[in-house]
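# Tertiary structure, described
These are the residues of each chain, in order.
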Amino acid sequence: MTKMMKAAVVRTFGNPLAIEEVAVPVPCPGEVLVKIMASGVCHTDLHAADGDWPMKPKLPFIPGHEGTGIVAALGAGVTSLKEGDPVGIAWLHDACGACEHCMTGWETLCESQRCSGYSVNGSFAEYAIGSAAYVAHLPERPDFAALAPILCAGVTTYKGIKETEARPGEWIAISGIGGLGHLAIQYAKAMGLHVVALDVTEAKLALARSVGADFALSANSPEVVDQVMKATSGGAHGVLVTAVSPSAFAQAIRMARRRGTVSLVGLPPGEFQTPIFEVVLNRITIRGSIVGTRKDLAEAISFATEGKVRSHIHATKLENVNGVFADLKNGRVDGRMVMIL
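This section reports on the structure supplied with the text. All values reported here derive from a predicted model rather than from experimental measurement.

## Observations concerning the packing of helix α4 (residues 153-164) against helix α5 (residues 181-190)
Look at α4 against α5: their axes get within 9 Å of each other, and the N-to-C directions meet at 50°. Comparing their axes, α5 and α4 come out oblique. In this structure, α4 crosses over α5, and the sense of that crossing is right-handed. Residue-level inspection shows A153, G154, T157, Y158 and I161 of α4 in contact with α5, the latter providing L183, A184, Y187 and A188.

## Here we look at the pattern of salt bridges
Once their charged atoms are close, side chains differing in charge can pair, the charge on each being opposite to the other. Overall, the coordinates contain 19 salt bridges when judged by the stated rule. Measuring nitrogen to oxygen at the nearest pair gives 2.9 Å for the salt bridge that ties K82 to D85. For D85, a relative accessible area of 15% gives the class buried. Across the pair R287 and E165 runs a salt bridge, and its minimum N-O distance is 3.0 Å. With R287 in strand β15 (residues 285-288) and E165 in the loop between α4 and β10 (171-175), the pair connects residues that are 122 residues apart, well separated along the chain. Overall, the relative accessible area of 24% leaves R287 in the partly exposed class. The class of E165 is exposed, set by a relative accessible area of 51%.

Conventions we followed
Residues numbered from 1 in each chain as written. Predicted model: local features only at pLDDT ≥ 70, side-chain atom pairs only at ≥ 80, totals over all residues. Heavy atoms only, no water. Axes fitted to C-alpha atoms, helices over the stretch in contact; angles between N-to-C directions. Helix = DSSP H or I, 4+ residues; strand = E, 2+ residues; numbered from the N terminus. Parallel < 35°, antiparallel > 145°, perpendicular 65-115°, else oblique. Left-handed = near helix turned anticlockwise from the far one by under 90°. Contact = heavy atoms within 4.5 Å. Salt bridge = Lys/Arg side-chain N within 4 Å of Asp/Glu carboxyl O. Buried < 20%, exposed > 50% of the residue type's maximum accessible area, 1.4 Å probe, protein only.

Spelled out as structure tokens, the structure:
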């Protein structure tokens, strides 16, 4: 008899997800079956369900790429894990391992990569498939709910901060204090940086202060760039943009110090204007940053398991996924929503 599980399924782009009973997947060689304990909800899941990115997922599919759980079964040839091991399923499901990007430590740029909850079914289900070589290894007796957001929001911001090349004792400005930004502040502080946080709502600025920001400023203020310049004595050495607003991208360049680096991780639709004169004369670097490698993920998890970074989460059930998506669309989520399965 086929074993069944509960899952949230996208059958039509832009429509509510259906909570269905579907067959539990069977791991192929090199794969593991993971019993999902918790799954964070990311804006990317919303984009996937709406089908509003150029490369659309193939319907029907199960979203989710912040899944934590335990190994329930092993595919043939898997020796690096055993049943009962705590693991995480992150955005990077797997990559080819042989291209120039994989061979040089940039597997996240592999053109043959597959992504959890996008090109393969993800963690909005009671069980999900992970690649044994790519699942994250979690500590014994983990807090599954608290660690779930680290698998995307955490590693994405951690990698983005590293991409700014800001050094301990220097300043970083973090634009957008939501599921990613509140973790970015904590990673930045743990890495020895001073932090200016920017957002458009007072609630999120309060969250920024509560997790350690040295300054929390309204991005809507006409004087905010001058305020950042004053607070940082000349501009931020690094600027991390997690906000899903093109205007935040343009604003970030004006906040950067001479020879500073702007790291972009948010993915709003549209374009933003780049001031050529300022970028050239101030030697500003503008750099895109996409999630992180397995090594980055292991480091991001270590910060969390050592208590230096902790997700601000709100727990809910899988059945509430459509309400969570509605809250995300309307900016009503501070921190990260995590579905407990």
